[in-house]
Amino acid sequence: MLSITLKDGSVRKVEEGTTILQLATTISAGLARVAIAGKVDDEVKDLTYPLEKDAQIEILTMDSEEGLEVMRHSAAHLLALAVQNLYPGTSFGIGPSITNGFYYDFDTEHAFTPEDLEKIENEMRRIAKENLCFERAELTRDEALDYFNNKNEKYKVELINDLPGEARISTYTLGGKFIDLCAGPHIPSTKLLKAFKLQSVAGAYWRGSEKNKMLQRIYGLAFAKASDLENYLYKLEEAKRRDHRKLGQELDLFSLHDEGPGFPFFHPKGMILRNALEDFWRKEHQKRGYVEIKTPIILNRALWEQSGHWDHYQENMYYTKIDDQDFSVKPMNCPGGMIMYKTKLRSYRDLPIRCGELGLVHRHELSGALHGLLRVRNFTQDDAHIFMLPSQIKEEIIGVIELVDYFYKIFGFKYKVELSTRPENSMGSDKDWQTATDALKDALDTKGIEYKINPGDGAFYGPKIDFHLQDCLDRTWQCGTIQLDFQMPEKFDLTYIGEDGEKHRPVMIHRVVYGSIERFIALLTEHYAGAFPTWLAPVQVRILPISDKHAEYAQKVEEILKEQDIRVEIDDRREKINYKIREVQTEKIPFALVVGDKEAEQGTVAVRRYGQQNTNTMSLNEFEELINNEIKSKKTGLEDN
RNA sequence: GCCGUUAUAGCUCAGUAGGUAGAGCGUAUCCUUGGUAAGGAUAAGGUCACCGGUUCAAUCCCGGUUAACGGCUCCA
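Residues numbered from 1 in each chain as written. Chains lettered and ligands numbered in written order. Predicted model: local features only at pLDDT ≥ 70, side-chain atom pairs only at ≥ 80, totals over all residues. Heavy atoms only, no water.

A. Up close: the packing of helix α17 (residues 551-563) against helix α20 (residues 620-633). Between α17 and α20, the shortest axis-to-axis distance is 11 Å and the interhelical angle comes to 35°. The handedness of the crossing between α17 and α20 comes out as right-handed. Of α20, the residues touching α17 (which contributes Val 557, Ile 560 and Leu 561) are Leu 620, Phe 623 and Glu 624. Looking at side-chain class alone, the contact of α17 with α20 contains 5 nonpolar, no polar and 1 charged residues. (Axes fitted to C-alpha atoms, helices over the stretch in contact; angles between N-to-C directions. Helix = DSSP H or I, 4+ residues; strand = E, 2+ residues; numbered from the N terminus. Left-handed = near helix turned anticlockwise from the far one by under 90°. Contact = heavy atoms within 4.5 Å. Nonpolar A, V, L, I, M, F, W, Y, C, P; charged D, E, K, R; others polar.)

Here it is, written out as structure tokens:
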């Protein structure tokens with residue numbers, strides 16, 4: 001008899017060889033009906049898995065993330081079977097579960113169209129109803145190779161060849177005919193697949209490498225029940241409403257044109273946002289002992305050779321010639337910062353030097369990668385280079401971490417932290433890289449910050465801490481970053497005079513907080529769904545006179561507010577108040593002030609906030625106080641933020 | 001860069017099974033002076049993305065280019 005410990009801590013005795021499903025049945029018939037798989041000592045197994053030894057077991061249902069994963073992965077097999085039925089001769093790649101669904105990669109001459117997806121989805125539904133079971137089989141490597149070689153499944157053969165020697169090779173048969181290489185586990189039967197929908201087709205390189213053939217990837221959504229799927233589809237629709245590309249156009253913030261792909265045009269209202277962000281940035285950096293510089297956008301080839309960009313960053317740079325000499329448009333601000341450092345002799349007493357620069361950089365991104373303001377070809381980095389003594393490293397990194405946290409909290413952003421280590425095409429010694437990486441880790445650990453390690457994702461000159469923010473579709477974008485660099489100071493022979501009167505090498509940090517002003521604006525737009533907090537709102541107040549008679553009073557109110565640097569305008573068109581209210585709402589202006597006879601007589605304003613139905617009549621003084629406090633606090637004024 | 005889709009008025013979109021186009025919103029002008037999400041009328045606005053081919057005739061069919069969109073790769 002085996003002792004099985006269940007999730008609630010109770011222990012059951014069962015015969016050896018009892019399957020997980022049988023175990024579930026002994027717990028309750030209801031549980032057995034909705035069981036998807038079982039977790040045996042932290043390993044997820046099929047329900048048909050026979051228990052061999054004492055273990056902790058949890059029966060997984062679609063209520064858990066793990067159960068959903070098993071179901072989504074099983075849905076991928078269903079998709080593969082449907083494609084095999086409809087398009088014989090297709091070769092199969094891989095078909096994992098992903099957040100909210102699954103995908104499967106196919107290799108076929110036929111190019112899948114959106115109409116095909118409908119056909120395939122119908123076939124999936126037809127098969128699902130057949131109540132097919134997933135049957136597991138274990139094969140030797142030779143058997144598996146034979147089988148998939150015969151079927152001309154070259155991708156599966158490649159996968160098998162790459163499996164480690166001791167690996168158990170398993171296949172699953174679905175409905176007796178479709179056999180797929182797979183470690184499992186799967187749901188017991190296709191009838192559990194109900195709430196799914198094919199989403200899109202996209203190209204995807206085999207094994208994610210652009211050196212390999214591009215396969216066709218079909219994405220699908222899958223949920224435990226239909227209402228979950230509907231909710232998710234609704235959420236997607238909502239997300240589209242928040243999309244910064246849509247809102248950017250509607251709110252007249254920026255535009256992109258054929259004449260400059262990836263080079264955004266900022267409109268007057270977008271510039272107000274930018275300037276507000278930059279003003280705030282300057283103020284906070286001055287407080288923290290930063291100075292600000294501006295370095296040129298075009299610098300000569302020799303500089304980029306010295307910095308290593310010519311060797312390590314060439315395909316991302318733009319080039320030009322001036323009087324027959326090679327020049328390059330800067331993709332990063334650091335070399336300019338190096339030159340600045342060297343303009344005079346530095347003492348250890350001068351360090352740390354925190355040198356900020358709102359620098360416009362240009363990078364040649366692949367055309368297919370461009371995406372609104374989130375991925376562009378020129379952007380302004382809120383950069384700074386901190387030159388310091390080796391003994392100051394930790395303190396300075398912590399200072400930047402705290403600064404980033406301070407900024408993101410103001411905007412109400414949640415963020416994720418990643419630590420990226422040495423990439424392949426990089427410069428410097430392993431020892432320096434190790435020291436730098438350890439310093440970053442140490443700072444993170446000291447602050448007690450959770451982080452994920454991204455192996456090989458560092459800059460070519462040093463490891464980095466990245467801060468990632470989420471867009472409205474849950475994709476994450478790198479914004480802040482802290483990069484520790486021993487290479488540039490070396491390459492540029494930076495020195496300071498130490499206490500001993502000798503020359504020493506300073507250490508350098510590259511860091512950004514917003515990352516790119518453009519990207520940050522995109523994320524802010526989505527985060528606030530275009531309803532910017534008052535301190536950022538391009539127009540903060542719009543005065544709505546009831547009729548021409550009130551124009552004079554409206555102008556008086558406007559003047560008073562303008563004197564306090566409040567961004568205010570009057571809608572004096574001969575339209576009805578309803579119409580003006582509607583417009584002020586669609587433009588997401590934080591405050592509408594309705595002024596008519598009553599207000600003009602009493603020296604008041606009828607205040608209607610964005611997103612609220614009610615009006616508060618108050619004296620102009622009271623309103624000034626309200627809005628000034630709100631601007632100062634940087635709050636949104638909306639309850640849900 | 002690669003795979004797929006798309007491109008018609010300032011915006012959102014319809015349309016012509018090949019005979020040079022239409023709606024709503026917006027804009028302008030006029031009427032309406034109206035109290036919290038759309039008052040009415042009239043008008044202006046398009047080389048149907050660009051280049052080429054087929055055709056008596058191309059916005060529509062074919063080829064190419066460019067850009068956008070969804071992914072892959074890459075990255076702030």
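B. Up close: the packing of helix α13 (residues 393-411) against helix α14 (residues 430-447). Across the interface, α13 lies against α14 with an axial gap of 9 Å and an inter-helix angle of 55°. With respect to α14, the axis of α13 lies oblique. Judged by the twist between their axes, the crossing of α13 over α14 is right-handed. Facing Ile 393, Lys 394, Ile 397, Ile 398, Ile 401 and Glu 402 of α13, the residues of α14 in contact are Ala 439, Leu 440, Asp 442, Ala 443, Leu 444, Thr 446 and Lys 447. Partitioned by chemical class, the residues of the contact of α13 with α14 number 8 nonpolar, 1 polar and 4 charged. (Parallel < 35°, antiparallel > 145°, perpendicular 65-115°, else oblique.)

C. Structural detail: the protein's contact with RNA strand B. Taken together, the neighbourhood of RNA strand B is formed by 57 residues, with Tyr 205, Ser 367, Gln 478, Arg 574 and Arg 582 sitting nearest. Near-protein atoms of RNA strand B (within 4 Å) split between backbone and bases, with sugar and phosphate holding 50%. Within the side chain of Arg 245, one N or O atom sits 2.7 Å away from a phosphate oxygen of RNA strand B. Cys 479 is positioned with one of its backbone polar atoms (N or O) 3.5 Å from a sugar or linking oxygen of RNA strand B. Elements with a minimum of two residues in the surface near RNA strand B: β12 (195-205), β13 (214-223), α8 (244-250), β25 (476-485), α18 (577-586), α19 (597-602) and β32 (604-609). Looking at the surface near RNA strand B, its residues break down into 20 nonpolar, 16 polar and 21 charged. (Near = heavy atom within 4 Å. Polar contact = N/O pair within 3.5 Å; in protein donor to acceptor, adjacent residues only side chain to side chain.)

D. Layout of the sheet that holds strand β30 (residues 568-570). An order of β30-β29-β31-β32-β33 is seen for the 5 strands of this open sheet, with the pairing classed as mixed. A strand with exactly one partner marks an edge of an open sheet, and here the two such strands are β30 and β33 (616-619). Looking at each pair of strands side by side, their axes are set apart by 30° on average, direction ignored. Looking at chain direction, β32 and β33 are connected through 4 bridges and run antiparallel. Its bridge partner being in β33, Val 605 is matched across the sheet by Met 618. Together, β29 (541-545), β30, β31 (591-595) and β32 form the strand contacts of α17, whose direction differs from that of β30 by roughly 170°. (Pairing = 2+ DSSP bridges.)

E. Fine view of unusual backbone geometry. In this chain, Leu 351 is followed by Pro 352 through a cis amide linkage whose omega measures 0°. Tracing the sequence through the fold places Pro 352 in the loop between α12 (334-341) and β20 (353-362). Backbone geometry places Asn 100, a non-glycine residue, at a positive phi of 70°. Tracing the backbone shows Asn 100 in the loop between β7 (97-98) and β8 (101-107). For Asn 100, a relative accessible area of 16% corresponds to the buried category. A positive phi angle, close to 45°, is found at Asp 323, a residue other than glycine. Mapped onto the elements, Asp 323 comes out in the loop between β18 (318-322) and β19 (325-329). Among the residues examined, Asp 323 registers a relative accessible area of 72% and is labelled exposed. (Buried < 20%, exposed > 50% of the residue type's maximum accessible area, 1.4 Å probe, protein only.)

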